[in-house]
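# Notes for the structure review
The primary structure of each chain is shown beneath.
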Amino acid sequence: MLNERAMPDRPGHARDPALAARLGWLIATPLLLLAAMAYTGFDPRLLLDANTLATLGGFLRQFFPPSHQPDFLASLLQQTVTTLAVASLGTLLAMLIGLPAALLTSRALDRDALCGDVPSRPWRLLQGSLRALMVILRGVPDLVWALLLVRAAGLGSLPGVLALGLAYGGMLGKVYAEILEAQPREPAAALAASGAGRLSIFTWALLPQAMHELISYSVYRWECAIRASAVMGFVGAGGLGLLLDTAIRMLDGGEVGALLLVFVLLVALTELVSRLARLAVESRRGGLLLAGGFLALQGAALYWLWPQWQGSPFNVGGLLHFAGELLHLNLAPAFLLKVAGGMLETLAQSALGTALAFIGGALLALPASNRGPRWLRLPVRLLLNFLRGTPDLLWGAIAVLALSLGPAAGVLALAMHTSGVLGRLFAQTLENLPPEPEAALLLSGAPAPARLAYGLLPQALPQWIAYTLYRWENNIRIAAILGLVGAGGLGQQLYLAMSLFQLRNAATLILAMLLLSWGVECLSRWLRRGLE
């Protein structure tokens, strides 16, 4: 007779080694989110309160009809072109920073990983320094970079370009490296064994495999740069944000409505560009046209912005002096305790807002994908464009009106904006899934809910979770600046410190943002590796 203790060793009774960890996270995650809900004071029932709905409805009704005064439309067109130019040159600068950083730091190109060579100590030191620099660049929110650079270059578009280049350069350096590391290693290992250098391995082994992902993510970052440059006018960095800030301050709903329409159209434009770019790289001629179009866009952007920059020369001395002032921190225990509270508030905002966005994105993904009902596809896609096309700071301002000042407004703003982002990514994941499992269930007579639950979700869920964790890394930076419109967190403390020229306080708060971003990034990476 078989020993009962030996039963688990049989293949049919094998135990999942990660079962305990998964159950632990399954229990801990809702408990942590409930704690975040209590700490931020976010109560979804408030969204259904009659007074809240009346206030919000009255505010939104002011958006219609959108303003169409000739003077405003002329200014809107000019600032739209400026926003596109700032986003384009900022993305170019980010690529010039991020691609070399990825080539130097990616494990996919390291000879010790490919063929067992022992790296030298200076090389390890260089890689470690570059990785730390990338963490600093992306850890400071782009709007904070713009706020700091305005002090050196003055008002205008130049601080916006530099801020996007620095912040997004750190992001592209990290994501480009991860994309390269996700490719099959066999071709790269073969070239490394033959003595090829990093650039040759990248060009001939990794680039042909990773081209689509690199282009797709770069276009996505360009879309993010358009949204970011559209709100940099809040700190004096030009673009559509300048008009948006003025319209909100003057309570001109018609102008805000017109700006929202432009934001949605810009998102639709980036989607079209992304689709055309992915098709273009399929052929040599398309690749050349894509490269030519990219260079023409950068040339046009520089031509548009150059006259503005000539009138506002960059003050390097002022920047260095300002940076020197930010090296002095306020380490008073009472202030550090206040900063710690702001960090916890920002962390709770970002986690809860991202979790709610996961739910919203999952609900919208199927009807937005080509697997959903055809009659529902277009309106849901337009809704997703509106959600992610509306800048996060504007969502913050709307949420403050709905829920009053405080971190609860930040949670709502993050949930609304990120639902649009994740909904689009989730829908693309569903569209790219292999059809065989769903087709087999369909042939067996399974109804649509069963095909979704057993055919699609098991394949899509790991990628959905990975996208959500990536977005959480970004949302921790967004949560850190939503305080600029009164949505709590570290941003509210930073705005107060900068307004009162309390530079030691500001330096401490920026360092807190950096540490918080780095901590969430490490946690997200650890969780994503657990999914592999």
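Residues numbered from 1 in each chain as written. Predicted model: local features only at pLDDT ≥ 70, side-chain atom pairs only at ≥ 80, totals over all residues. Heavy atoms only, no water.

### Notes on the overall build of the protein chain
Formally: Starting at the N terminus, helices and strands are each numbered in turn, a helix being any DSSP run of H or I of at least four residues and a strand any DSSP run of E of at least two. Radius of gyration: C-alpha atoms only; globule rule: 2.2 Å multiplied by the number of residues to the exponent 0.38. The buried label goes to any residue with under 20% of its type's maximum accessible area, the exposed label to any with over 50%, and the partly exposed label to all in between, with areas taken from a 1.4 Å probe on protein chains only. For the accessible areas, the method is Shrake-Rupley and the probe is 1.4 Å, while residue cover comes only from the protein chains on display. Charge convention: Lys and Arg are scored as positive, Asp and Glu as negative, and His as well as the terminal groups of each chain are ignored. Taken as the charge centre is NZ of Lys, CZ of Arg, CG of Asp or CD of Glu, depending on the residue.
Scanning the protein chain from terminus to terminus reveals 21 helices and zero strands. The C-alpha atoms of the protein chain give 24 Å as radius of gyration, which agrees with the globular expectation for 532 residues (24 Å, within 12%). Dimensions of the protein chain along its principal axes, counting C-alpha atoms only, are 85 × 65 × 60 Å. A buried classification covers 48% of the 532 residues belonging to the protein chain. By element, 69% of the accessible surface of the protein chain is carried by carbon and sulfur atoms, the whole surface being about 26100 Å². For the protein chain, the centre of its 37 positive side-chain charges and the centre of its 29 negative side-chain charges are spaced 3 Å apart.

### Regarding the pattern of salt bridges
Side chains bearing opposite charge may pair, as long as their charged atoms lie close to each other. Formally: Whenever Lys or Arg places a side-chain nitrogen within 4 Å of a carboxyl oxygen from Asp or Glu, that contact is recorded as a salt bridge.
Enumeration according to the criterion identifies nine salt bridges in this entry. Between Asp110 and Arg107 there is a salt bridge, with the nearest N and O atoms lying 3.3 Å from each other. Given the relative accessible area of 36%, Arg107 is considered partly exposed. Close ionic contact of Arg107 with Asp112 constitutes a salt bridge, the shortest N to O distance being 3.0 Å. Where salt bridges share partners, they join Arg107, Asp110, Asp112 and Arg198 into one cluster.

### A closer look at empty space enclosed by the protein
Note the cut-off: With a 1 Å grid laid over protein atoms only, a set of points is called a cavity when a 1.4 Å probe fits there but cannot get out and a pocket when it is open yet has protein on both sides within 12 Å along at least five of seven lines; lining residues have an atom within 4 Å of a point. Grid points are joined across faces, edges and corners, and a volume is the space filled by probe spheres set on the points. Classification used: nonpolar for Ala, Val, Leu, Ile, Met, Phe, Trp, Tyr, Cys and Pro, charged for Asp, Glu, Lys and Arg, polar for all others including Gly.
Using the criterion set out here, one finds four cavities of 30 Å³ or more in the structure. Quantified by volume, the largest cavity comes out at close to 230 Å³. Asp142, Tyr168, Asp392, Asn474 and Ile478 are the residues nearest the centre of the largest cavity, which is lined by 18 residues in total. When contributions to the lining of the largest cavity are tallied by element, the ones reaching two or more residues are helix H7 (158–181), helix H9 (198–231), helix H16 (392–403) and helix H19 (448–479). With five residues, the single largest contributor to the lining of the largest cavity is H9. A per-class count over the lining of the largest cavity returns 10 nonpolar, two polar and six charged.

### Let's talk about the environment of His417
Selection rule: In this analysis, two residues are considered to be in contact whenever any of their non-hydrogen atoms come within 4.5 Å of each other.
Within the fold, His417 resides in helix H17 (residues 407–431). Overall, His417 belongs to the buried group, its relative accessible area being 1%. It is 7.5 Å that separates the C-alpha atoms of His417 and Pro391, two residues lying 26 residues apart in sequence. If near-sequence neighbours (up to four positions away) are discounted, His417 is found in contact with Arg227, Leu387, Arg388, Thr390, Asp392, Trp395 and Arg471.

### As for unusual backbone geometry
The phi dihedral of Ser404 is positive, around 75 degrees, even though this residue is not glycine. Mapped onto the elements, Ser404 comes out in the loop between H16 and H17. Ser404 sits in the partly exposed class, given a relative accessible area of 43%.

### As for the packing of helix H11 (residues 253–280) against helix H15 (residues 374–389)
In a pair of packed helices, the angle between the axes and the distance between the axes together describe the arrangement. For clarity, the threshold we go by: Whenever a helix is involved, its axis is fitted only over the stretch in contact; in every case the axis is a line through C-alpha atoms, and angles between N-to-C directions fall within 0 to 180 degrees. Geometric relationships in this document are graded by angle, where less than 35 degrees denotes roughly parallel, more than 145 denotes roughly antiparallel, 65 to 115 denotes roughly perpendicular, and other angles denote oblique. Two helices crossing with the near one rotated counterclockwise from the far one by less than a right angle form a left-handed crossing, whereas a clockwise rotation gives a right-handed crossing.
For the pair H11 and H15, the least separation of the axes is 9 Å and the interaxial angle reads 110 degrees. Between H11 and H15, the interaxial angle falls into the category roughly perpendicular. Once H11 is placed against H15, the crossing between them reads as right-handed. Across the interface between the two elements, Leu260, Phe263, Val264, Val267, Ala268 and Glu271 of H11 pack against Asn385, Phe386, Arg388 and Gly389 of H15. Looking at the contact of H11 with H15 residue by residue, the class counts come to six nonpolar, two polar and two charged.

### Observations regarding the nonpolar core
Stated precisely, the cut-off is as follows: We define a nonpolar core as any set of buried Ala, Val, Leu, Ile, Met, Phe, Trp, Tyr and Cys residues linked to one another through side-chain atoms lying within 4.5 Å. Where each domain starts and ends follows an automatic or database-derived domain assignment.
Counting 140 residues, the largest nonpolar core has Tyr168 and Leu240 as its most contacted members. A domain-level breakdown of this core finds at least three residues from each of domain 1 (65–306 + 316–324) and domain 2 (328–530). With sequence-adjacent residues up to four places away left out, Leu240 is seen in contact with Leu76, Gln79, Thr80, Thr83, Ala230, Leu259, Val262, Phe263 and Leu266.

### Brief notes about the domain arrangement of the protein chain
Quick reminder of the rule: We define buried area as the total accessible area lost by two parts upon association, computed with a 1.4 Å probe and summed across both.
Looking at the assigned domains, one finds that the protein chain contains domain 1 (65–306 + 316–324) and domain 2 (328–530). A C-alpha centroid distance of 20 Å is found between domain 1 and domain 2. Overall, the association of domain 1 and domain 2 removes approximately 2900 Å² of surface from exposure, summing both partners, and the carbon and sulfur fraction of that is 67%. Where domain 1 meets domain 2, there are three salt bridges. Ionic pairing is found between Glu473 and Lys174, a salt bridge with its closest N-O pair at 2.3 Å.

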